[in-house]
Amino acid sequence: MEKKDAVKKNIPVSPGGAAKSTFKKVMVDAVKNSALVSKGNAEYDPILLKKLKSIIVKYTEHPELLEDIAGQTNENFIEKLNIDSIDFVEIIVDTEEMFSITIEDEEIKKLTNFDELYNLIQAKIKNKNPNSASKA
Amino acid sequence: MSGLLAGKKGIIFGVLNEDSIAWKVAKQCKEEGASLIFTNNPLAVRFSDTEALAKLVDAPIVGADVSKDEDILHLVDQALSIFGGKFDFALHSVAMSVNIRKKHPYHELNYDYYHKTLDISAVSLHKFLQACFAKDAINEWGSVLALTFIASHRIFPQYNEMGDAKALLEGIVRSFGLCYGEKKHVRVNSISQSPVKTTAGGGIPGFDHFWNFSDELSPLGNAPAADLAKFCAMLFSDYSRFVTMQNIFHDGGFSSTGLTEKIISKFI
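Let me sum up the structure you'll find in this document. Here the residue numbering is sequential within each chain, running from 1 through the sequence in written order. Key to labels: chains lettered from A, ligands numbered from 1, both in the order written. Only residues with pLDDT of at least 70 get local features here, since the model is predicted, and only at 80 or more are side-chain atom pairs given and counted; chain-wide, interface and lining totals rely on the full set of residues. Computation of side-chain values covers all heavy atoms of the structure but excludes hydrogens and water.

## Here's the deal with unusual backbone geometry
Residue and element names in this part refer to chain B.
Point 1. With a phi close to 60°, Lys-103 is a non-glycine residue in the positive phi region.
Point 2. The numbering of helices and of strands both runs from the N terminus, where a helix is a DSSP run of H or I of at least 4 residues and a strand a run of E of at least 2. Along the polypeptide, Lys-103 turns up in the loop between helix H5 (98-101) and helix H6 (111-135).
Point 3. Here the phi dihedral of Asn-160 falls at roughly 55°; this positive angle occurs in a residue that is not glycine.
Point 4. Relative to the assigned elements, Asn-160 resides in the loop between strand E5 (138-148) and helix H7 (162-184).
Point 5. Using a relative accessible area of 12% as the deciding quantity, one classes Asn-160 as buried. The cut-offs for exposure are 20% and 50% of the maximum accessible area for each residue type, with area from a 1.4 Å probe on protein chains only; residues under the lower value are buried, those over the upper are exposed, and the others partly exposed.

Below, the structure is given as structure tokens:
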């Protein structure tokens, strides 16, 4: 849903309706634990990667740190980017808008690093377009 | 229906979770017989407890990003539609400091962030009041409250640019209080509250230490949020019709105290 549309309607409510007071901690931990690359995911779709970088770069004062993502697994990488939990949810929503997908709150809770976010987006794009492989 | 606010209708900004000051005010207003609408940034609503809490007080939610003029205009239009006419009160409990989030000290502010902080934390009140004024949305003798903090007067280093934002907020309260008082007898006041342990407060570095300091410098101790909620209900009610353009300290006496035995004993 586009941000502007959310304003026009009674706000979209995350499924489940359960209290999300623990969600903040999950998001903060996810941001702290997130690395923009993982040794386990050697191949990235360059177009998808570029689009994700274009989203994240809006929320960091250190865009130069996004230049050479591949191979970096510095645990303090996100802290160096100085992205907080508010930035994180903005990144999630921007990602949804860019790729016309919906990321459920339960899926967000499970995200612990960049690879998982990348893989989730790639899978959702593929599900939308089953005949085109990981077309961002 | 009984209660101080029986038959009155109001908008509550800023309910995020159970710790929110706005939530405690909303609960109290509901107990006093008011009908409510909640509003918050759509992203905040999605990723917080706003929706669950709104259900507890039968409050519809109207999303509004207060940095967007069109969202505020839409909020007022929606409130008029939902309430079936004018409303009686509103609580402005909205603040955000981007420079604090990005760890910029006061002498190294990013001015784009500064503008955003002032816009969200202070100018948003003017935008809301201006929209209400233009649409004649608030009943005669209505009441608008904004939450502020003494850091607008006295400087606490870690409060950073928010001190400036609160100073601007309090100025808007006075200036618009004049306009709206003359036109519709609508009161506009700010409440300078003791520090409260909320999600927002937790974003201030060293908050817990400051809370303790404030508690020991306040003869009555820090004012709890639950008591603030009752005070807000009274200020929304007809019991305070001639109080306007004021910055009212609800702070256990902190603002008038130079020293207490508890504080001085730490130096002996």
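## Notes on the nonpolar core
Residue and element names in this part refer to chain B.
Point 1. Counting residues in each nonpolar core, the largest one holds 35 residues, and the members touching the most others are Ile-11, Phe-87, Leu-125, Phe-128, Cys-132 and Tyr-180.
Point 2. Secondary-structure elements contributing two or more residues to this core are strand E1 (9-13), helix H4 (69-83), strand E4 (87-92), H6, E5 and H7.
Point 3. Sort the elements by how many residues they give to this core and H6 lands first, with 8 residues.
Point 4. Residue contacts follow a heavy-atom distance rule, with two residues in contact if any of their heavy atoms lie within 4.5 Å. Among all residues touching Phe-128, those that are not within four sequence positions of it are Ile-11, Phe-13, Ile-72, Leu-75, Val-76, Phe-87 and Ala-90.
Point 5. Grouped together as the second largest cluster of nonpolar side chains are 33 residues, Val-25, Ile-191, Leu-235 and Phe-236 included. In this description, a nonpolar core means a group of buried Ala, Val, Leu, Ile, Met, Phe, Trp, Tyr and Cys residues linked to one another through side-chain atoms lying within 4.5 Å.

## Remarks on the pairing of strand E2 (residues 35-40) of chain B
Residues and elements named next belong to chain B.
Point 1. Among the 6 residues in E2, 5 count as buried, and that is most of the element.
Point 2. For two strands to be treated as a pair, DSSP must find at least two bridges joining them. Both E1 and E2 contribute to a ladder of 5 bridges, which runs parallel. Paired with Ile-11 across the bridge in E2 is Ile-37.
Point 3. In terms of strand pairing, E2 meets strand E3 (residues 61-63) through 3 bridges, oriented parallel. Bridging across to E3, Thr-39 finds its partner in Val-62.

## What about the sheet that holds E3 of chain B?
Backbone hydrogen bonds are what pair the strands of a sheet, in a parallel or an antiparallel way.
Residue and element names in this part refer to chain B.
Point 1. Pairing is parallel in the open sheet, where 7 strands are placed in the order E3-E2-E1-E4-E5-E6-E7. Edge strands, defined here as strands with exactly one partner in the open sheet, are E3 and strand E7 (247-250). Averaged over all pairs of adjacent strands, the angle between their axes in this sheet comes to 20°, without regard to strand direction.
Point 2. The sheet contacts of helix H1 (residues 21-31) involve E1, E2, E4 and E5, and relative to E2 the element is tilted by about 165°.
Point 3. All axes here are fitted lines through C-alpha atoms, helices being fitted over the stretch that makes contact, and every angle between N-to-C directions spans 0 to 180 degrees. Packing against the sheet, H6 makes contact with E1, E4, E5 and strand E6 (187-193), and its axis sits at approximately 170° to E4.

## A closer look at the state of the cysteines
Residues and elements named next belong to chain B.
Point 1. For the purposes of this analysis, a disulfide is any pair of cysteine sulfur atoms at a distance within 2.5 Å. As enumerated under the stated definition, the model contains 0 disulfides over all chains in all.
Point 2. Here Cys-29 is not disulfide-linked; the sulfur of Cys-232 is the nearest cysteine sulfur, at 7.2 Å.
Point 3. Taking relative accessible area as the criterion, Cys-29 reaches 0% and is therefore assigned buried.
Point 4. The structure places no disulfide on Cys-132, whose sulfur is separated from the nearest cysteine sulfur, that of Cys-179, by 13 Å.

## Things to note about helix H3 (residues 46-56) of chain A
Residues and elements named next belong to chain A.
Point 1. Along H3, the residues classified as buried are Leu-48, Leu-49, Leu-52, Ile-55 and Ile-56. For H3, the buried positions fall inside an angular range of 120° around the axis, keeping them on one side. Set apart from the buried face of H3 by more than 90 degrees, the exposed residues are Pro-46, Ile-47 and Lys-50.
Point 2. At its buried positions, H3 is contacted by helix H5 (85-99) and helix H7 (114-128).
Point 3. Two N or O atoms count as a polar contact when they lie within 3.5 Å, although within protein this holds only if one can serve as hydrogen donor and the other as acceptor, and sequence-adjacent residues are included solely when both atoms are side-chain atoms. For H3, the side-chain oxygen to backbone nitrogen distance between the N-cap and Ile-47 is 2.8 Å, and the N-cap itself is Asp-45. What the arc describes is the spread of directions from the helix axis to the C-beta atoms.

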